[in-house]
Amino acid sequence: MGSTGTVLRELRGAQKSAKGVSLYSRYVNRPAGRVLAAGCYRAGLTPNHVTLVSALFTYGALAAVALAEPSWTLAVLVWAALAIGFAFDSADGQLARLTGRGGPDGEWLDHVVDCGKLVLVHTAVLISFYRFGELPADAWLLLPLGFQLAAVVTFCAGLLREHLGKAAASARGPSWATTPAAPVSRVRAVALLPADYGVFCLVFLLLGAPGAFRAGYAALAVVHTLFLAAFLAKWFRELRALRAG
């Protein structure tokens, strides 16, 4: 693979399925990650290097949320760093599929970084609320804890659903594992937008207006909690069907 254009074409052919992916990830984050993956490939970086670059942007932004007083400048810088970190999070997997250099170690590292991100983003908001928030009531400090719980349970339950589903399909043989997948739904892609991490990052653009940030963050917390309940019910039914089948 020589030119960047050639690498990009190869990457387009190595995309994951769009099933269960929101419009933001499909049309914004994945294409941005594809461009970054092409650049990283030409720079000689490995997928694990790209994962660590993602962590650097993401964790740096979260440290700024916790340590710096909210302002419009901080808002833009934090959002940009989180969005770039998310794009690199897409780029590492794309680079792994392009080069064939992915493996259990890379998948493990990627999940560790993602799990740390979900814990730290809400911890950073909690610290910011405590240090700079001038909250209407102390009960607001419970909001990031509840949001954190919903985010981490969704992440862990989703991973378990994926791995247990693959294990059950493998145990049933090739014919079960190759059952045709359901078509990609545009309506579902739109409905999933509020649960997309990239959309969640947009709320940090409101950091310069603490009241608006609290309101937006609280609204997203409610939405993510509702999504968690829906996902848990769906995943439980799917795994139960695998056992019954």
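Residues numbered from 1 in each chain as written. Predicted model: local features only at pLDDT ≥ 70, side-chain atom pairs only at ≥ 80, totals over all residues. Heavy atoms only, no water.

K.L.:
Describe a nonpolar patch on the surface, and please don't skip the residues or the numbers.
P.N.:
A surface patch of nonpolar side chains, amounting to about 220 Å² of accessible area, comprises V76, L202 and L205. Tracing the chain through its elements places V76 in helix α4 (residues 72-99). (Patch = residues over 30% accessible without salt bridge, like charges linked within 9 Å, V, L, I, M, F, W, Y side chains within 5 Å. Areas by Shrake-Rupley, 256 points an atom, 1.4 Å probe, with all protein chains shown as cover. Salt bridge = Lys/Arg side-chain N within 4 Å of Asp/Glu carboxyl O. Helix = DSSP H or I, 4+ residues; strand = E, 2+ residues; numbered from the N terminus.)

K.L.:
Which residues make up the packing of aromatic side chains, and what values go with them?
P.N.:
Applying the stated criterion across every chain yields a total of 13 aromatic pairs. Pairing F129 with F213 gives two aromatic rings, centres 6.2 Å apart and planes at 80°, and the pair type is edge-to-face. Pair noted here: F129 is in helix α5 (residues 104-132) and F213 is in helix α10 (residues 210-244), with a separation of 84 residues, a long-range link. With respect to burial, F129 and F213 carry one shared label: buried. Judged by centre distance (5.8 Å) and plane angle (25°), the rings of F213 and Y217 are stacked. In this pair, F213 and Y217 both sit in helix α10, four residues apart, roughly one turn of the helix. Comparing F213 with Y217, the two get one shared label, buried. Taken together, the ring pairs connect Y24, F86, F129, F147, Y197, F200, F204, F213 and Y217 into an aromatic cluster. One cation-aromatic arrangement involves K117 over Y197; the distance from NZ or CZ to the ring centre is 4.2 Å. It is R214 that lies over the ring of W140; its NZ or CZ is 5.6 Å from the centre. (Phe/Tyr/Trp six-rings, centres within 6.5 Å; stacked < 30°, edge-to-face > 60°. Buried < 20%, exposed > 50% of the residue type's maximum accessible area, 1.4 Å probe, protein only. Lys NZ or Arg CZ within 6 Å of the ring centre and 35° of its normal.)

K.L.:
Can you break down the nonpolar core residue by residue, with the values?
P.N.:
Grouped together as the largest cluster of nonpolar side chains are 28 residues, with contacts concentrated most on V78, L82, F200, F204, L207, F213 and Y217. Looking at this core element by element, the count peaks at six residues for α4. Among all residues touching F213, those that are not within four sequence positions of it are V125, F129, V203, F204, L206 and L207. (Core = buried A, V, L, I, M, F, W, Y, C linked by side-chain atoms within 4.5 Å. Contact = heavy atoms within 4.5 Å.)

K.L.:
I'd like to hear about the environment of D114, residue by residue, with values.
P.N.:
With respect to the secondary-structure elements, D114 resides in helix α5. Given the relative accessible area of 11%, D114 is considered buried. As for D114 and F86, which are separated by 28 residues in sequence, their C-alpha atoms are 9.6 Å apart. Residue contacts for D114: discarding those within four places in its chain leaves D89 and F155.

K.L.:
Please provide a residue-by-residue account of α5, values included.
P.N.:
The terminal C-alpha atoms of α5, which comprises 29 residues, lie 41 Å apart, in line with the 42 Å expected from a rise of 1.5 Å per residue. Within two residues after α5, E134 carries a phi angle of roughly 45°, on the positive side. (Expected span 1.5 Å × (residues − 1).)

K.L.:
A description of the side chain of D89 should follow, citing residues and the corresponding values.
P.N.:
Note that D89 resides in helix α4. For D89, a relative accessible area of 14% translates into the label buried. Apart from the residues lying within four places of it in its own chain, the contact partners of D89 are S54, D110, D114 and K117.

K.L.:
For the confidence of the model for the chain, give the residues involved together with the corresponding values.
P.N.:
Taken residue by residue, the chain gives an average pLDDT of 87. The fraction at 70 or more is 85%. The least confident element of the chain is helix α7 (residues 174-177), whose mean pLDDT is 50; the most confident is helix α3 (residues 47-67), at 97. (pLDDT = per-residue confidence, 0-100.)

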